[in-house]
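# Topology and contacts: notes
For reference, the chains in residue letters:
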There are 4 protein chains.
Amino acid sequence: MKNLNVGIVGYGFMGRTHSNAYRQVNNFFPLKHRPVLKAVCGRDAEKVKAFADNWGYESVETDWRKLIERKDIDIIDIATPNNLHAEIAIAAAKAGKMILCEKPLALNAAEAQQIVDAVEKAKVPNMVWYNYRRIPAIALAKQLIDEGKLGKIFHYRAKFLQDWTINADVPQGGAGTWRLDVNVAGSGVTGDLLAHCIDTALWLNGSIDKVTAMTETFVKERKHTETGKMQKVGIDDAAAFLARFSNGSLATFESTRYARGHKALYTFEINGEHASLSWDLHDLHRLQMFDHRDPGYVRGWRSIHVTDGDQPYMKHWWVPGLQIGYEESFVHQVADFLKGLEDGKSVGPTFKDGLATDKVTDAVLKSAQTGRWESCQ
Amino acid sequence: MKNLNVGIVGYGFMGRTHSNAYRQVNNFFPLKHRPVLKAVCGRDAEKVKAFADNWGYESVETDWRKLIERKDIDIIDIATPNNLHAEIAIAAAKAGKMILCEKPLALNAAEAQQIVDAVEKAKVPNMVWYNYRRIPAIALAKQLIDEGKLGKIFHYRAKFLQDWTINADVPQGGAGTWRLDVNVAGSGVTGDLLAHCIDTALWLNGSIDKVTAMTETFVKERKHTETGKMQKVGIDDAAAFLARFSNGSLATFESTRYARGHKALYTFEINGEHASLSWDLHDLHRLQMFDHRDPGYVRGWRSIHVTDGDQPYMKHWWVPGLQIGYEESFVHQVADFLKGLEDGKSVGPTFKDGLATDKVTDAVLKSAQTGRWESCQ
Amino acid sequence: MKNLNVGIVGYGFMGRTHSNAYRQVNNFFPLKHRPVLKAVCGRDAEKVKAFADNWGYESVETDWRKLIERKDIDIIDIATPNNLHAEIAIAAAKAGKMILCEKPLALNAAEAQQIVDAVEKAKVPNMVWYNYRRIPAIALAKQLIDEGKLGKIFHYRAKFLQDWTINADVPQGGAGTWRLDVNVAGSGVTGDLLAHCIDTALWLNGSIDKVTAMTETFVKERKHTETGKMQKVGIDDAAAFLARFSNGSLATFESTRYARGHKALYTFEINGEHASLSWDLHDLHRLQMFDHRDPGYVRGWRSIHVTDGDQPYMKHWWVPGLQIGYEESFVHQVADFLKGLEDGKSVGPTFKDGLATDKVTDAVLKSAQTGRWESCQ
Amino acid sequence: MKNLNVGIVGYGFMGRTHSNAYRQVNNFFPLKHRPVLKAVCGRDAEKVKAFADNWGYESVETDWRKLIERKDIDIIDIATPNNLHAEIAIAAAKAGKMILCEKPLALNAAEAQQIVDAVEKAKVPNMVWYNYRRIPAIALAKQLIDEGKLGKIFHYRAKFLQDWTINADVPQGGAGTWRLDVNVAGSGVTGDLLAHCIDTALWLNGSIDKVTAMTETFVKERKHTETGKMQKVGIDDAAAFLARFSNGSLATFESTRYARGHKALYTFEINGEHASLSWDLHDLHRLQMFDHRDPGYVRGWRSIHVTDGDQPYMKHWWVPGLQIGYEESFVHQVADFLKGLEDGKSVGPTFKDGLATDKVTDAVLKSAQTGRWESCQ
């Protein structure tokens, strides 16, 4: 068992999911590496200390540059808001660190390209935390598609619906609400939610050629947490686009934070010649499958409860019928990353995969401006 | 096309469902007989006239004995409260009429036996309106069981839950509420709702050897519609029983009118060695099926939308995906009865089948008194 | 009770649903008019005679012009393929007949405008058979929106998914498959399925300003039933569009006949400030509602089983919990039309409403060509 | 922060869930005590060492008596098969240790009484691992009942269905299959699965007066893992019972390992005068609620996604919409136990609660023999 020292930058929501993953992975997966919670870095010394105490980090830093300089750090985990990803990632690459970066990879594709260039030059292992690929039901979908169970694909549709910003009193900027500040987040639901939908789609259904999109900002001004003043909202509250995949299939994508009744309804469906699949984050342990090869009089959508040992990841957990939660997707991602190190193989989503998603989100935002179809290449 | 003149006794809820069935059956099913709405009989001359006008009955009667005496009547349809079934049915049999009788067949098994004796002696076609056998999804369940898809049966469970009598102001006796008057209904949920569950169960899973039961009357006194006075409630508001089928399977049955939130939730499930099926009246066009022979990693409960032409009865209706309603089960029952006449075959549920159900409900009521297991034979 | 003589043109799928509606409406709804099945018209004398016999039409015609000339016909019901709607409707209007026309109103908006002009000049009652408005669950949705329960609307999404033309052996042209022949149908899923989605949307959420769309024809050639030869397929197999409503809400619409596993999955969802609603044709008796005004810890999507007497249309049917089917939506439409005659009020969807939908479908088809946003006005 | 040293006996399925709970609890819950994984005890020295290494236990023991003798152990956690619970628990009580014991508390009520006597004499904190009380959705159900939202209770129904022993080749005895060996397990589904249903029921709905039951053993002989020989199966494969609660409500309970298609379908429903609740382990993050106080035309079962900060336990986890898994129920149980220590309060389910459940399971097994109603007191 070889220890790998983790230095994480950021201690918000994602700081917690990543820390939990590092702590749990070796209890459930047989691996040759063990992540060690070596250091956590954040600007607020008091808060970062409290986080370190809570999770068992051995040390703290308040300057991420110092963290990167430390010789005892093997992995830099970037769990900061989006506007810091590029600078930190490029510096970490230069320092020869392995890098795990939160999604989206960067504020835009140009920035993401710089990051990719940096890690390719440095030849360091890298991964973007698009965790949904490691939900067992989604991994099963990927397996079924790869096995050819669906045949030719006709349609893909995905949406990610939330409702937490309908109240105009929700501020922009600051902890918990930086996602509403365009300077920090880069974009609104496009980079935050559609990016998840796109990463999964590219993984399951291949590349997207072009898109036509619309975006909307329903609440035009919100108070900024830092200035205390009402400021124009620069992000997109809602975004939707039509897409054509390279494999000839048609797609619709939609995301919003104004869909009353949906907390985090990420759902996708894929329709093939022989079979269709659908999934829903609100019941993440289930995969719906329709198989046209079943006899006609007993065909129907099957609700597959993905908790059995012969389904992806599940033999490492409990017994059939007992579901795992959202956070296990991060455990799986760490497990796969560490297995990749063992095997000397790159494991996706790599930064290059993250760049591909950023190219699509760029095209979405551009099309919303031009009113035309835009290429994603 | 041969006309068959129908004389119906009763013009309540069931009078409507039967009349609608007679009117629709030849529009949808190719048959050699055509039911003609010849006469409707009820004690209230004004109301029975209005019913006749509404549905197109050619004549009215206010005395069922006169109806039975009429030479121009081929079929007597008994849509009265339970306490009149036996007398009418026996008289109709003696008069050589075909008889379609609402369920339950009689107030108890002894009375039901007399009816059976009468029709067997008279050799007249007969049928009990246990309409749920003709829901396409249930007919499909029967087909799958007969095909051996389930293998050895381990379990059967059924319930029929309603909530319309929780309010203590609901009276007993009279139109719409005669089901709460023990003298008219014979029993409460046992004869009204469990009887449906039992008829389906006997059809799908064979005979029941014995039961142990409990019943309860939550509201002890209700005003009687006829007397205007508070009177002791003699029916069972709720009933549940355990059962052992002759095929070795175990069962639970439950019925109540005190299950808040359920209007008419009749549901059953049957678990076999290889497959299981379940169904629910609130979505009556769906059959749930789990098939263990599916590959392990994609097994799941299939929600079969029973609206396709290769599924029972459905080629006679619309196009795939378009559901039919509750009332079509009565249309199907008439269609099957008329087809039976063509083919010279007796079609269930016959009065003998109705007697079998009454034997089980008698055992349930008896066990609720004795606190012991009681035989259903 | 006043009789209204119906002369119907066409005896296919829609000929059956309309005939059934005329036959059932007076049994269930108290009305002052009674539709009489006077005549059915079709080119094939033998088939039209068989249809008349089956449904009880008193006479037959093989030339719709003769039907319109008959003095004993009050209502012309157009249940033909789309390419005949305009000619028949305009002639019927000139003859002063009331007109009920199948959807879509015409092959395109220009043709629809001519029909509207004709009925407005003739001042004859008219209606398009967009039957889904009369599904009780959808009528309840309309009621809730009109009551202001949803507040400001942010999003609307609808889709209508089928899978019956995936097989390349399905021909174009002829009975049952004329919907694949562009010369007869005008368009593919856009006029057939999206038109339904659009009519409901305009009714529930007001007018659409503009759209951007894509369409696809997956199977490029199909054998034509009449010529027996392989011919280019001119219809759209799939279509999707983004839309902006006049009330500021954003929408996505999609329709296809290549979504494996969906027979007739028409579904819509509407998200408002205070509440959201969704509905699905595969369980047409249910309306899903999320009400943000419920206390936070017990909020959830309610599955409303629309079978109660205090819900639209349902007091005319059975008892709570017992669902009706697809065909009752046509019964309700006739009932509302007849009630409108009693009250001297125009009842939607009128031909003018049908024109509005055709303007949207025209814009969809145009945008799919231009790749740009197109106005629907 | 005070450390509490845990010594756990057993390293099977439950050894893993408990260990995970001790490791996670302080990362998510603010508490004054911290469980320390001090020692794990098991008979197989090699396996127990591997378990200790995997989970980070500081030491190992192969004799539970030695573990209890250790001064550095504060808590004895009994995660062994059922036949060892009593002896270990009584010894641990005498040694003054806090005790957390897996369910069921003992092989029968007599044995359970001895355990209760021991802990009451020793005055040591104690708890049974009936973890389902700590599923957030079930805790919310408890809250709603305690708030009086349901009013008078009429019905309770629960079942726990599995299908993993249908194959007659599943052996009895040994790791993973000791639950089929009556000498080790005490009973079959009654003590294993019904015990869970009963514990929840007693917590939510109060005490049970009496029951009438049936049990069945479908596979009469199975190979014993230790002897290698076919031996009579002494456990119950399936069990069902009717019950009457002290509050006047009626109940049905059922459990089996022969319900094809159900891996671990623990479900319950409770019907009250004003509202009903239901829950299902296969979607453990949802609570279904029907509230009759909603306006009639929009009443429906609400699917409450129990992932919000104002719902039990959830503010300690992620963000709304993101579900947690089965194992968190154990984390919650440790958190509540530790909070009880802080507050000096006994937290259920205590051993006394465990005894109450054993009294019901004893009555169930007895009734299955006598065929009569048996008292649970």
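Criteria and thresholds
- Residues numbered from 1 in each chain as written.
- Chains lettered and ligands numbered in written order.
- Predicted model: local features only at pLDDT ≥ 70, side-chain atom pairs only at ≥ 80, totals over all residues.
- Least-squares fit on C-alpha atoms with pLDDT ≥ 70 in both.
- Helix = DSSP H or I, 4+ residues; strand = E, 2+ residues; numbered from the N terminus.
- Buried ≥ 20, exposed ≤ 12 C-beta atoms within 10 Å, placed from the backbone.
- Contact = placed C-beta atoms within 7 Å.
- Domains from an automatic or database assignment.
- Nonpolar A, V, L, I, M, F, W, Y, C, P; charged D, E, K, R; others polar.
- Pairing = 2+ DSSP bridges.
- Axes fitted to C-alpha atoms, helices over the stretch in contact; angles between N-to-C directions.
- Bend = angle between axes of the 7 residues up to and from the residue.
- Parallel < 35°, antiparallel > 145°, perpendicular 65-115°, else oblique.
- Left-handed = near helix turned anticlockwise from the far one by under 90°.

### What about the relation of the copies chain D and chain B?
Overlaying chain D on chain B yields an RMSD of 0.0 Å, the required transformation being a rotation through 180° with an accompanying axial translation of 0.0 Å. What we have between these two chains is a two-fold relation. For chain D, the smallest separation between a C-alpha atom and the rotation axis is recorded for D:Arg372, amounting to 2.8 Å.

### Some remarks on the environment of B:Arg372
By secondary structure assignment, the location of B:Arg372 is in the loop between α10 (351-370) and β17 (374-375). A residue is classified by how many C-beta atoms lie within 10 Å of it, and B:Arg372, with 15 of them, is partly exposed. With 161 residues separating them in the primary sequence, B:Arg372 and B:Val211 have C-alpha atoms 8.3 Å apart. Among residues more than four places away in sequence, those in contact with B:Arg372 are B:Thr212, B:Ser367, D:Gly371 and D:Arg372.

### Describing the domain arrangement of chain A
Interfaces are often sized by the accessible area lost when the parts come together. All names here are of chain A. On domain assignment, one finds that chain A holds domain 1 (2-131) and domain 2 (135-375). Looking at the side of domain 1 that touches domain 2, the elements that each hand over two or more residues are α1 (13-28), β2 (33-41), α5 (109-122) and β6 (126-128). A per-element tally of the side of domain 1 that touches domain 2 places α1 first, with eight residues. The residue makeup of the side of domain 1 that touches domain 2, split by class, is 23 nonpolar, twelve polar and two charged.

### Quick look at the relation of the copies chain A and chain C
The two copies are related by a screw operation: chain A maps onto chain C through 180° of rotation and 0.0 Å of translation along the axis, at an RMSD of 0.0 Å. Of all interface residues in chain A, 100% are interface residues in chain C too; the two copies therefore contact each other through one and the same surface.

### Some words on the sheet that holds strand β5 (residues 98-101) of chain B
Residue and element names in this part refer to chain B. With respect to topology, six strands assemble into an open sheet ordered β3-β2-β1-β4-β5-β6, the strand pairing being parallel. Either end of the sheet is taken by a strand with one partner, and the two such strands are β3 (59-61) and β6 (126-128). Strand-to-strand twist of the sheet, defined as the mean angle between neighbouring strand axes without regard to direction, takes the value 25°. In this sheet, β3 lies alongside strand β2 (residues 33-41) in parallel orientation, the contact comprising three bridges. In the sheet register, cysteine 41 faces β3, and the bridge partner there is glutamate 61.

### A word on the sheet that holds strand β5 (residues 98-101) of chain C
Residue and element names in this part refer to chain C. Read across the open sheet, the six strands follow the order β3-β2-β1-β4-β5-β6; overall the sheet is parallel. Whereas interior strands pair on both sides, the edge strands pair on one side only; in this sheet they are β3 (59-61) and β6 (126-128). On average, adjacent strands in this sheet sit at an angle of 25° to one another, irrespective of strand direction. This element, helix α4 (residues 85-94), spans β1 (2-9), β4 (75-78) and β5 of the sheet and lies at about 165° to β5.

### Let's talk about the interface of chain D and chain B
Counting residues at the interface gives 31 residues for chain D and 31 residues for chain B. Of the residues belonging to the side of chain D that touches chain B, the class tally is 14 nonpolar, ten polar and seven charged.

### Comments concerning the pairing of strand β7 (residues 153-161) of chain D
All names here are of chain D. Among the nine residues of β7, nine are classified as buried, and the element is accordingly described as predominantly covered. Judged from the eight bridges that link them, β7 and strand β13 (residues 265-272) form a sheet pairing that is antiparallel. The residue bridging arginine 157 from the neighbouring strand is glutamate 269, located in β13. Looking at chain direction, β7 and strand β12 (residues 250-256) are connected through seven bridges and run parallel. Within β12, the position partnered with arginine 157 by the bridge is threonine 252.

### Some points on helix α8 (residues 189-205) of chain B
Residue and element names in this part refer to chain B. Taken as a whole, α8 carries its principal kink of about 40° at alanine 195. Where burial is concerned, most of α8 is hidden: 17 out of the 17 residues are buried. Note on α8: the residue one or two positions beyond its end, glycine 206, has a positive phi of about 85°.

### Thoughts on the packing of helix α8 (residues 189-205) of chain D against helix α10 (residues 351-370) of chain D
All names here are of chain D. Running from amino to carboxyl end, α8 crosses α10 at an angle of 125°, the nearest separation of the two axes being 9 Å. By the angle between their directions, the pair α8 and α10 is classed as oblique. Relative to α10, the crossing made by α8 is right-handed. The segment α8 lies against α10, with Thr190, Gly191, Leu194, Ala195, Ile198, Asp199 and Leu202 engaging Ala356, Thr357, Val360, Thr361, Val364 and Leu365.

### Here we look at the pairing of strand β14 (residues 275-280) of chain D
Residue and element names in this part refer to chain D. In terms of residue burial, β14 counts as a mostly covered element, since five of its six residues are buried. Across five bridges, β13 lies against β14 in antiparallel orientation. Note on β14: the bridge partner recorded for isoleucine 270 is leucine 277. Linking two consecutive strands that pair antiparallel, namely β13 and β14, is a turn of two residues. Across five bridges, the pairing between β14 and strand β15 (residues 286-291) is antiparallel. Its bridge partner being in β15, serine 278 is matched across the sheet by glutamine 288. Here β14 folds back onto β15, and the loop between the two strands holds five residues.

### Observations concerning the interface of chain A and chain C
The interface of chain A with chain C comprises 31 residues on the first partner and 31 residues on the second. Of all the secondary-structure elements, those providing two or more residues to the side of chain A that touches chain C are β7 (153-161), β8 (208-216), β11 (238-245), β12 (250-256), β13 (265-272) and β14 (275-280) of chain A.

### Some details on the packing of helix α4 (residues 85-94) of chain A against α5(A)
Residue and element names in this part refer to chain A. Relative to each other, α4 and α5 sit at 10°, their axes nearing to 8 Å. With respect to α5, the element α4 is oriented roughly parallel. Facing α4, whose interface residues are Ala86, Ala89, Ile90, Ala93 and Lys94, α5 presents Glu111, Gln114, Ile115, Ala118, Val119 and Ala122.

### Observations concerning helix α6 (residues 136-146) of chain C
Residue and element names in this part refer to chain C. Taking burial as the measure, the eleven residues of α6 include eight buried ones, the bulk of the element. When we look at burial in α6, the residues that qualify are Pro136, Ala137, Ile138, Ala139, Leu140, Ala141, Leu144 and Ile145. Summarising the contacts, the buried residues of α6 are in contact with α8 (189-205), β14 (275-280) and β15 (286-291). Remark: glycine 148 follows α6 within two positions and exhibits a positive phi of approximately 85°.

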